[in-house]
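Structural features, examined
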Amino acid sequence: MSETFRELERLLRERFDRHVALGPDTDLVGELGLDSIQQLELLVELENHFEIALEPEGDEAIRTAGELVAWVDRARRGAMR
């Protein structure tokens with residue numbers, strides 16, 4: 001499990017009181033019930049923790065935990081350059 005995935009789990013548990021078994025296919029809205037404000041807060045928390053800026057990637061919607069982790073990891077790799 002990656003550092004990004006562990007941080008996502010921690011934030012969901014501690015900040016959003018979501019105590020679920022999180023997997024790559026976990027639906028952030030459907031399964032976790034995150035509303036649009038909570039989704040934005042989650043992104044800001046991840047940006048602050050990893051000191052990155054998450055830039056929109058076209059029309060692609062982030063729906064699952066795995067997609068979110070991949071997006072954060074791409075931003076982290078870009079920030080290391």
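This text gives an overview of the structure that appears in the document. (Residues numbered from 1 in each chain as written. Predicted model: local features only at pLDDT ≥ 70, side-chain atom pairs only at ≥ 80, totals over all residues. Heavy atoms only, no water.)

1. Side note on helix α2 (residues 36–50)
Given a rise of 1.5 Å per residue, 15 residues ought to cover 21 Å, and the 21 Å separating the end C-alpha atoms of α2 matches this to within 8%. Among all positions of α2, only Q38, L42, L46, E47 and F50 are buried. Here the buried face of α2 lies against α1 (3–14) and α3 (65–79). The backbone nitrogen of I37 has a side-chain oxygen 3.1 Å away, supplied by the residue at the start of α2, namely D35. Of the residues one or two after α2, E51 is the one with positive phi, at around 55°. (Helix = DSSP H or I, 4+ residues; strand = E, 2+ residues; numbered from the N terminus. Expected span 1.5 Å × (residues − 1). Buried < 20%, exposed > 50% of the residue type's maximum accessible area, 1.4 Å probe, protein only. Contact = heavy atoms within 4.5 Å. Polar contact = N/O pair within 3.5 Å; in protein donor to acceptor, adjacent residues only side chain to side chain.)

2. Section: unusual backbone geometry
A positive phi angle, close to 55°, is found at D17, a residue other than glycine. Looking at the element boundaries, D17 is found in the loop between α1 and α2. The class for D17 is exposed, based on a relative accessible area of 57%. Positive phi, normally seen in glycine, also occurs at E51, with a value near 55°. With respect to the secondary-structure elements, E51 resides in the loop between α2 and α3.

3. Things to note about α1
The terminal C-alpha atoms of α1, which comprises 12 residues, lie 16 Å apart, in line with the 16 Å expected from a rise of 1.5 Å per residue. Of all the residues in α1, the buried ones are T4, F5, E7, L8, L11 and L12. Angularly, the buried residues of α1 cover 160° about the axis, an arc narrow enough to put them on a single face. Looking at the packing, one finds that the buried side of α1 touches α2 and α3. (Arc of directions from axis to C-beta.)

4. Overview of the nonpolar core
Ranked by internal contacts, the top residues of the largest apolar core, which has 20 residues, are L8, L12, L42, L46 and L68. Going through the elements one at a time, α1, α2 and α3 are the ones with two or more residues in this core. Broken down by element, the residue count for this core peaks at six residues, all from α3. Ignoring sequence-local partners within four residues, the contact set of L68 consists of L8, L28, L42, L43, L46 and I62. (Core = buried A, V, L, I, M, F, W, Y, C linked by side-chain atoms within 4.5 Å.)

5. Description of the packing of α1 against α2
Look at α1 against α2: their axes get within 11 Å of each other, and the N-to-C directions meet at 130°. Taken together, α1 and α2 sit at an angle that is classed as oblique. Remark: the crossing between α1 and α2 carries right-handed chirality. Note on element contacts: α2 touches α1 through L42, E45, L46, H49 and F50, opposite E3, T4, E7, L8, L11 and L12. Among the residues forming the contact of α1 with α2, the class breakdown is six nonpolar, two polar and three charged. (Axes fitted to C-alpha atoms, helices over the stretch in contact; angles between N-to-C directions. Parallel < 35°, antiparallel > 145°, perpendicular 65-115°, else oblique. Left-handed = near helix turned anticlockwise from the far one by under 90°. Nonpolar A, V, L, I, M, F, W, Y, C, P; charged D, E, K, R; others polar.)

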